[in-house]
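The lines below spell out each chain.
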Protein chains: 2
Amino acid sequence: MCHIDTKERFILQQISITENPNKKDKPNDNALQFGKTFTDHMFIMDYDKEIGWHDARVVPYQPLAMDPASMVFHYGQTVFEGLKAYRTDRGDVQLFRPTENIARLNRSNARMCIPEIDADTALKGIQTLVDIDRDWVPHLEGTSLYIRPFVIATEAYLGVAPASKYAFMVILSPVGAYYDAGINPVKIAVENEYIRAVKGGTGEAKTAGNYAGSMAAQEKVAALGYAQVLWLDGHEKKYIEEVGSMNIFFKINGKVITPHLSGSILPGVTRKSVIQLLNDWGIAVEERPIALTEVLEASRKGELEEAFGAGTAAVISPIGELFADGESYIINNHKTGDLSKRVYETLTGIQYGRIEDPHQWIVRV
Amino acid sequence: MCHIDTKERFILQQISITENPNKKDKPNDNALQFGKTFTDHMFIMDYDKEIGWHDARVVPYQPLAMDPASMVFHYGQTVFEGLKAYRTDRGDVQLFRPTENIARLNRSNARMCIPEIDADTALKGIQTLVDIDRDWVPHLEGTSLYIRPFVIATEAYLGVAPASKYAFMVILSPVGAYYDAGINPVKIAVENEYIRAVKGGTGEAKTAGNYAGSMAAQEKVAALGYAQVLWLDGHEKKYIEEVGSMNIFFKINGKVITPHLSGSILPGVTRKSVIQLLNDWGIAVEERPIALTEVLEASRKGELEEAFGAGTAAVISPIGELFADGESYIINNHKTGDLSKRVYETLTGIQYGRIEDPHQWIVRV
């Protein structure tokens, strides 16, 4: 890890607010597209090596004036997070485990040599921003307000070294239900040519380069009719790592297994929540290396009962078909399994305030 | 590779010119820092999925108005190049192998799902820009005008998919001699924890994520007094790949060897030029996997005669000491070897027009 000294690291910043006098028209809840519409305000805080993080503020959503030599364009020092604000039936607005996202943001920062951000300031920034744009949280079943915190290196310098200036920002986008017609299994394909990440690389960090590198594989499987890539490890191309940009779970012969956090896998907040829920229900989850051959063998023996991806966008994405080594493996007859469904309904139930929150995962805005 | 359809792909674009009415003061040739000062103009050309690359123009150097949701900030689709313009003793300004950089830019584009750029337009853009800022090419021995072409994804969208909008830009920075006191050997250290790249990843492409990922290792060895990281392969951590952001050459027992382009190594223009020069001189270069143990063993037997990095910034960077597995290996008594020196003087001789250019590597501006 790459610890950068930050001045005033643990001081909660005051957040100034400049209200947007020109409010936009909000899109209809029925016509929301993921990540294309943004709200009236954004949060921004600057970092300078001499004075640390400073000038935390909520301002009208607006373009950034970026020097063409800004280091983020050239050497890619950037990290991000994704979480959501949910509207409950009572009209409250609430966040799901935001401190987990902030903690991961700081772990990503450490890997990418970006100065750590005071967690309390980050949470207060998110809450203040969501509060001022509270009317943008959509009402329709399954909709939410997607929250995108991110850091970019803003120094104008072409040397390969950690930047001396950064901006931490939060932007908001109202998003529709992930599944048009309810939760629905997808087809995925094993990727044998491209590698998402390798231990010692940046796979554990939520940083832009991981996503840029994944696009060629995603385009390749999409052209063949598959929704997502099943990524194998970068060393041996033997062990299963992630599916698309989600963590993955399998139910084999009554047992639930998920790849352990090997150093190249993103430690998902949804992943962690799924494991907790299953434990709550008395279902042990094995976190360990899972060879692709083990899964294929289980499928051949009729023991692969369910498989699903877990991530913030879709929450739970059941896998109905797996293509590997020239063969298609059908899972649970292309239907959503009982366990996948139970996990999905419980997680979304907690997120939308419909069921009890036994672990204090919810933070009110 | 990820081929993106580009309209008008092979049509040479007209380049419009808007001159900067407010010329900056130029820095003194003696006080140039790498990549901190930029010239009066920049080149820019936009891409839109509907109309292809368009609106090629030279305009005053200025900040870009970037939407905070611009995809480059989040998913890192960006590639870049680095080359230089040199002032000859006669006052001419010339480029070194620019078509090689443009060809590599397009190979990087293909890996990163960025639409290909017409090579003639890119070359004309660079030439037009360098010409208008010709007075910025410094005069002092060893100085040059660094040229940075780059592409960034500009679409405002938070979906993980190739963007539909990009900007291709070129900016210029006058840079000093890389070595204050002439060519001088550096100390490097083997990296065993971090990985720069792995076959199937993005190591062959000149894209931001590779550099962002390398910083933690660079900071780590710098803290121990070493100038650069010696990167090993990501699969077995056994084979030598690159040094810092340069390719590497060894002279062992009279033979020159360099790692072959394995899929995770950047195909350097300087690397290619060094191999050509050595061939011209009747010195065969072995391009093959080189285990670290082979180099250490050669050093112990007194057969490791020279080692040097090769890249655009330093041209040739001799290695005087290699730290590996807790031991220091001194190379050529910390002195620049004869072959390293000959390669350096020949390459820079061609670049500055002091000696004949037998391979038509030089392109006049």
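Note that the coordinates shown come from a computational prediction; the quantities given were computed from them, not determined experimentally. (Residues numbered from 1 in each chain as written. Chains lettered and ligands numbered in written order. Predicted model: local features only at pLDDT ≥ 70, side-chain atom pairs only at ≥ 80, totals over all residues. Heavy atoms only, no water.)

J.: Help me understand the UniProt feature "modified residue: N6-(pyridoxal phosphate)lysine" (unreviewed entry) in chain A, please; the structure alone is not making it clear to me.
T.: All names here are of chain A. Following the UniProt record, the feature "modified residue: N6-(pyridoxal phosphate)lysine" (unreviewed entry) maps to Lys-206 here. Residue placement: Lys-206 occurs in the loop between strand 10 (186–190) and helix 4 (208–223). Filtering out sequence-adjacent residues up to four positions away, Lys-206 remains in contact with Thr-78, Val-79, Phe-80, Glu-81, Gly-82, Arg-104, Ser-108, Tyr-211 and Leu-266. (UniProt positions renumbered as here; feature names shortened; annotations may be inferred. Helix = DSSP H or I, 4+ residues; strand = E, 2+ residues; numbered from the N terminus. Contact = heavy atoms within 4.5 Å.)

J.: Please explain the relation of the copies chain B and chain A as it appears in this structure.
T.: For the pair of chain copies, the relating operation is a rotation around an axis with a shift along it. Rotating chain B by 180 degrees and translating it 0.0 Å along the rotation axis places it on chain A, where the RMSD comes to 0.0 Å. On this basis, the relationship between the two copies can be described by a two-fold rotation axis. Ranked by how close their C-alpha atoms come to the rotation axis, the residues of chain B are headed by B:Gly209, at 2.0 Å. A share of 100% of the interface residues of chain B reappears at the interface of chain A, consistent with the copies meeting face to face through the same patch. (Least-squares fit on C-alpha atoms with pLDDT ≥ 70 in both.)

J.: Can you help me understand the environment of A:Pro358 in this one?
T.: One can find A:Pro358 in the loop between helix 7 (338–351) and strand 19 (362–364). Each C-alpha atom of the pair A:Pro358 and A:Asp46 lies 37 Å from the other, and the pair is 312 residues apart in sequence.

J.: Before we go on, may I ask you to explain the pairing of strand 17 (residues 315–324) of chain B in this structure?
T.: In the case of a regular strand, side chains alternate between the two sheet surfaces. Residues and elements named next belong to chain B. For strand 17, the buried fraction is high: 9 of the 10 residues fall into the buried class. With 4 bridges connecting them, strand 10 (residues 186–190) and strand 17 associate as parallel partners. Pairing of Lys-187 across the sheet is with Glu-321, part of strand 17. Bridge analysis of strand 16 (residues 304–311) against strand 17 gives 4 bridges, and the strand direction is antiparallel. (Buried < 20%, exposed > 50% of the residue type's maximum accessible area, 1.4 Å probe, protein only. Pairing = 2+ DSSP bridges.)

J.: What's the story with the domain arrangement of chain A in this structure? I'm lost.
T.: Bring the parts together and some accessible area is lost; that lost area is often taken as the interface size. All names here are of chain A. For chain A, the assigned domains read domain 1 (16–175) and domain 2 (186–351). Relative to domain 2, the C-alpha centre of domain 1 lies at a distance of 27 Å. Listed per partner, the contact involves 19 residues of domain 1 and 19 residues of domain 2. Of the roughly 1700 Å² buried at the junction of domain 1 and domain 2 (both faces included), carbon and sulfur atoms supply 57%. Where domain 1 packs against domain 2, one counts 1 salt bridge. One salt bridge in this structure joins Glu-100 and Lys-272, with 3.0 Å as the shortest N-O distance. When residues in the side of domain 1 that touches domain 2 are grouped by element, the largest group, 6 residues, is from helix 2 (residues 98–111). By residue class, the composition of the side of domain 1 that touches domain 2 is 6 nonpolar, 6 polar and 7 charged. (Domains from an automatic or database assignment. Buried area = accessible area lost by both parts, 1.4 Å probe. Salt bridge = Lys/Arg side-chain N within 4 Å of Asp/Glu carboxyl O. Nonpolar A, V, L, I, M, F, W, Y, C, P; charged D, E, K, R; others polar.)

J.: When you look at unusual backbone geometry in this model, what are you seeing that I'm missing?
T.: Excluding glycine, residues mostly have negative phi values, and the peptide bonds linking residues are mostly trans. Residue and element names in this part refer to chain A. For Gln-360, which is not glycine, the phi torsion reads 55 degrees and is therefore positive. Tracing the backbone shows Gln-360 in the loop between helix 7 and strand 19. Judged by its relative accessible area of 64%, Gln-360 is exposed.

J.: Quick question: what am I supposed to make of the interface of chain B and chain A here?
T.: Counting residues at the interface gives 60 residues for chain B, matched by 60 residues for chain A. Buried area between chain B and chain A, summed over both chains or domains, comes out near 4900 Å², and the portion from carbon and sulfur atoms is 67%. Of all residues in chain B, B:Pro68, B:Phe73 and B:Met215 give up the largest surface area on contact with chain A, accounting jointly for 14% of the area buried on that side. The tally of links from chain B across to chain A stands at 0 salt bridges. Counting the contacts that link chain B with chain A gives 21 residue pairs in polar contact (both at pLDDT 80 or more). (Polar contact = N/O pair within 3.5 Å; in protein donor to acceptor, adjacent residues only side chain to side chain.)

J.: What should I look at first to understand the packing of helix 2 (residues 98–111) of chain B against helix 3 (residues 119–132) of chain B in this one?
T.: The relative placement of two packed helices comes down to the angle between their axes together with the axis-to-axis distance. Residues and elements named next belong to chain B. Where helix 2 meets helix 3, the closest approach of the two axes is 10 Å, and the angle between their N-to-C directions is 130 degrees. Classed by the angle they form, the pair helix 2 and helix 3 counts as oblique. Helix-helix and strand crossings are classified by hand; for helix 2 and helix 3 the assignment is right-handed. Where helix 2 approaches helix 3, its residues Pro-98, Thr-99 and Ile-102 are matched on the opposing element by Ala-119, Ala-122, Leu-123 and Ile-126. Here the residues of the contact of helix 2 with helix 3 are counted per class, giving 6 nonpolar, 1 polar and no charged. (Axes fitted to C-alpha atoms, helices over the stretch in contact; angles between N-to-C directions. Parallel < 35°, antiparallel > 145°, perpendicular 65-115°, else oblique. Left-handed = near helix turned anticlockwise from the far one by under 90°.)

J.: Explain the nonpolar core to me, please; I cannot follow it from the model alone.
T.: In summary, soluble globular proteins display a tendency toward joint burial of nonpolar side chains. Within the largest apolar cluster, 140 residues are counted, with the highest numbers of intra-cluster contacts made by A:Phe73, A:Phe168, B:Phe73 and B:Phe168. Residues contacting B:Phe73, with those up to four places away along its chain left out, are A:Leu64, A:Met66, A:Val72, A:Phe73, A:Thr78, A:Phe150, A:Ile152, A:Ala208, B:Met66, B:Asp67 and B:Pro68. (Core = buried A, V, L, I, M, F, W, Y, C linked by side-chain atoms within 4.5 Å.)

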